[in-house]
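# Per-entry structural report
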Amino acid sequence: MKRRLFGLIFLLGIFFGCKEKPAPTPAASAGPGPSGSGAPTADKPKPGKELNLFAWSEYVPQEVIDGFSKETGIKVNYETYASNEEMLSKLLAGGTNYDLIQPSEYVIEALVKQKKLAPIDWSLVPNFKNIDPKLKGLAHDPENKYSVPWMTGTVGIVVNTDKIKDPIKGYKDVFQKKYKGRIVSLNDSREMVAWALEASGLKSNDITPENLAKVKPMLAEWVKLVKVFDSDSPKTAFLNGDVDIGVVWSGEAALLYQNNKKFSYILPEEGAHLFIDSLAIPDSAPNKVGAMMFMDYILRPEVSKLVSEKFPYTNPNLEARKLLTPDQLANPASYPPAGERETFRDIGKIASEVDKLVTDLKASN
Amino acid sequence: MTPTAGLPDTRGAERAPGLRGWLLMAPLLAWLGAFVIAPTLIMLVYSFCDRDELGQVVFTFSWSNYTRVFDPTYLKILLKSVYYAAITTAICLVVGYPVAYWVGRAPERVRNKLLALIMIPFWTSFLIRTYAWMTILKSEGPLNSLLLYLGMISTPLDILYTPTAVVIGLVYSYLPFMILPIYGSVEKLDNALVEAAFDLGAGPVRAFASVIAPLTRPGIVAGVMLVFIPAIGMFAITDLMGGARVPMIGNVIQNQFGQARDWPFGAALGMTVLLLFAATFWLTTKKDPSAT
Amino acid sequence: MSTDAKEVMVEVRRVTKTFDEFTAVSDVSLEIRAGEFITLLGPSGCGKTTLLRMISGFETPTQGQIFIAGQDVTHDPPYRRDANQVFQSYALFPHMTVKENIGFGLRMKKVPKSEAQERVREAIAMVSLGGMEDRKPSQLSGGQRQRVALARAIVCRPKVLLLDEPLSALDAKLRHAMQVELKHLQQKLGITFVFVTHDQEEALTMSDRIAVINQGKVEQLGDATAIYHQPKTTFVANFIGQANILEGRVVSRAGRKVTLRLEGGPEVTLLADDLPDDATTAMISVRPEKILIRKQREESDNVFEAEIAEEIFKGATDQLMLRTPGGLELWAVVANESARQATVHKGDKVFCHLHFDDIVVVQGN
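Scoring rules and cut-offs
Residues numbered from 1 in each chain as written. Chains lettered and ligands numbered in written order. Predicted model: local features only at pLDDT ≥ 70, side-chain atom pairs only at ≥ 80, totals over all residues. Heavy atoms only, no water. Pairing = 2+ DSSP bridges. Helix = DSSP H or I, 4+ residues; strand = E, 2+ residues; numbered from the N terminus. Axes fitted to C-alpha atoms, helices over the stretch in contact; angles between N-to-C directions. Contact = heavy atoms within 4.5 Å. Expected span 1.5 Å × (residues − 1). Bend = angle between axes of the 7 residues up to and from the residue. Polar contact = N/O pair within 3.5 Å; in protein donor to acceptor, adjacent residues only side chain to side chain. Buried area = accessible area lost by both parts, 1.4 Å probe. Salt bridge = Lys/Arg side-chain N within 4 Å of Asp/Glu carboxyl O. Nonpolar A, V, L, I, M, F, W, Y, C, P; charged D, E, K, R; others polar. Buried < 20%, exposed > 50% of the residue type's maximum accessible area, 1.4 Å probe, protein only.

## Overview of the sheet that holds strand 6 (residues 83–86) of chain C
All names here are of chain C. What the 6 strands build is an open sheet, ordered 6-7-8-3-9-10; its pairing is mixed. Because the sheet does not close on itself, it has two edges, and the strands there are strand 6 and strand 10 (217–222). Direction aside, the axes of adjacent strands within the sheet are offset by 20 degrees on average. Sheet topology note: the strand 6/strand 7 (residues 160–164) ladder contains 4 bridges and is parallel. If you follow Val86 over to strand 7, its bridge partner there is Leu163. Against the sheet, helix 4 (residues 142–154) touches strand 6 and strand 7, its axis set at about 175 degrees to strand 6.

Laid out in structure tokens, this is it:
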């Protein structure tokens, strides 16, 4: 999930005025009404001719898009974004009528609150049955009305076991003085605050001014120890030999493990959290039927497997998992042991305080 | 009252531009309006607004974004940005001036080739060049390997993800912006003036200080502005080569429009920096005595 | 300041300068005496400026040496040579006032301030620029800039002043005035002047000696009258003033007295000192104004008949084209002494009279 990197490219694109936009889709009149969830009918509703997919960069393999177009004749315009927030602002600005977006769980929660998502007609998405039941009915979409999980993952610790022999169990073992200058961290204020909260015995979503004040001294220490903050490609620092330990996305950790087994992945004992990136349909989408057909398409085990092979996060599609090789399934970063894990919730305006806290600590570094 | 009243544009030079003048300027004005003035006005409006839960801009008037700008956290970052930008500018000047001078004095047929060499890096994406630098500077990269091989160091130098790396990246990125305007001034510099200085007893240093530098001042000023101002706002290099450890004001602003989802505050920061630039510009151009 | 004619101020010893393939100056030796006004005269591209620039130090000879006041300065930079130059373009510093320009050299030489001020004041007075002290060069006329350039150089009291076509940018009238002024200034200061020009009249007006330069070589060195009356080569004869260059066969020879039969013309007798004994042909130069034209034959060293084939009115003089019965054509110049006096006209048969002394044997180029 090269989120930040593509954020940079996006912003540079703005500065140099070279951001391309797919042409707006002609109104797909064949789509169902604004309610979007036309009751299952005998005559199948027809999809529009084009599908505007707005998704993370480096997250949807081209062969999946090509396969879908070939089968359905629907042309897919794949526009990418670098962060949930970027997606939100473009979606809410209303420039293009996106048919399908790929937000993370806390953004789905916020969008549902604001009534910005169209409910899914499950009769058009029968393959939803392949999804791990444990990922259904979660807090951000308790009634399974709006989202289809794409990939899930954890945030955890990677250790270069050639260099570090001490047992590493949790965040507190990572952020030690003796590893100063050998640590990589995600460059993500919300994540860092969550780790500090978990390391202090609090819940990752318990973000209140009091709790922020409580974890501030700990975070201040941590920030001083870190060599690189990188959300785009934290694996690079490991591969370059610039760091030996760090807290990264599980997908990155999985790729490191594939590269060399010396990179072991550890879920922090203080509590690990889960992120779920899902597909959802904005209520303004002109081609809702096409969007649902796409959802169903990617839920096919053989298609979902393609995604997994390219981006080894945790595949929520149980049927697809059966098609993976034992090696892929044995990757501890992709498929860590089961356990109770929290997901991020929408925290509203206090996000600014989170950001300020981390910026402040970095600046006084 | 004159018989030539029917031909107003023949006397247009010292007066307000005539219709033809406006027509000629129209594309530029349209460009400025659409891509400079309008976005700036939008930012100005945003900077007094508020944000809602989703991060959408809410149009209510408030000064709070500006009071937050003057929070010590952000002031400290701004100062640090100015500091790094100043170091970058100084290095660019010291490194770039001799290059520009040398190219500007080279025979014409060589000159264009040398200029092309300076421009060639622009043919590649900025990010790719930055990644190339990261590869060069990393612990197990070619630079360290070379130095180790030559026995000049015994353990790899820690350059990548340090402020040194940031300055290297900034200097690399902005050096051409220093070289080109200085080159423009040097090329216009009459060689006879340099010779006259030598002839009158000035050694290289004093010829430079008393004749060459003052006469290429416009290029130096332009180069300094072209490097200093964008260097303050640069965020990509700080993120990539500095490991995002030391935020610069550009990173903070970028973050407001991205992860932090606080456009109004980002806009307020941006407007403040813009004002700062305008003030710097005004100061440097006002004190130009060599304007003859 | 010594004006001893014997003292050599600048010596150019066997100097050659090549640029890539092109030889600008070829094995030139030249002794310039202290206090003299020497002019390097030649067409553009002849190497005179290169020679000057090697004396000032802006070019280094490819071979040979340069001495100033007995010191080998061949490899000294300009700022260590006791010579100053006045540039063709004046090269005034645009960012300095007249006073600052003139004082520049003294500042560089660290002359004490009070003395420098005094000397600048003197120099300004000498070139009559009083009242202009605080102007910038852009506020001066061409003549005034010329004077500033001059003052800036002489204020340093160099042993040698090098002038590179300093008058070429001025209009004719101003140029004449400046020629006289420069000559006076030189006499007053006693500084050695090395003056480069392509203007033969300028050279004749001002110089003590003239070095005529052609294709990187000194063709002839001598005072103005010698250069004019006894040109050694056809190039010198042609470049300075006008000349009839005629070729003839040696008919008889008695000591210095040589008789030539000119091609398609009469026989002429002349006094030749440098004609080799075994020469069978010779080239001669005859100045047009040296041919005495009369309607009657008069007593002279040489007399021959001719017809006036062309007559060109030139104001003070008439230019006549003479054609001998054998078809030899040559130019003559007669003074328009009085409009009322009957003179010769086109079509007249006349007698041409030539003294031995006025026929000069020249070498072909």
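## Description of helix 3 (residues 72–105) of chain B
Residue and element names in this part refer to chain B. Here helix 3 is 34 residues long and its end C-alpha atoms lie 48 Å apart, about the 50 Å a rise of 1.5 Å per residue gives. Along helix 3, the helix axis deviates most sharply at Gly96, where the bend reaches about 30 degrees; the proline Pro98 sits within four residues downstream. N-cap assignment for helix 3: the residue whose side-chain oxygen lies 2.8 Å from the backbone N of Thr73 is Asp71.

## Focus on the interface of chain C and chain B
Counting from both sides, the interface comprises 25 residues of chain C and, opposite them, 19 residues of chain B. Counting the surface lost from both chain C and chain B, the interface buries some 1,900 Å², and carbon and sulfur atoms represent 64% of this. The largest per-residue losses of area from chain C upon contact with chain B belong to C:Tyr79, C:His95 and C:Met108, which jointly make up 32% of the total buried on that side. At the junction of chain C and chain B, the tally comes to 1 salt bridge. A salt bridge links C:Arg53 to B:Glu195; the shortest N-O distance between them is 2.6 Å. Here chain C and chain B share 6 residue pairs in polar contact (both at pLDDT 80 or more) between them. Elements represented by at least two residues in the side of chain C that touches chain B include exactly helix 1 (48–56), strand 6 and helix 2 (98–108) of chain C. Looking at the side of chain C that touches chain B, its residues break down into 13 nonpolar, 6 polar and 6 charged.

## Side note on the pattern of salt bridges
Summed over the entire model, instances satisfying the criterion amount to 40 salt bridges over all chains. Residue C:Glu118 pairs with C:Arg121 through a salt bridge whose shortest N-O separation is 2.7 Å. In this pair, C:Glu118 and C:Arg121 are both assigned in helix 3 (residues 113–126), 3 residues apart and thus about one turn of the helix distant. Overall, the relative accessible area of 51% leaves C:Arg121 in the exposed class. Linked by salt bridges that have partners in common, A:Lys177, A:Glu221 and A:Lys224 make up one network.

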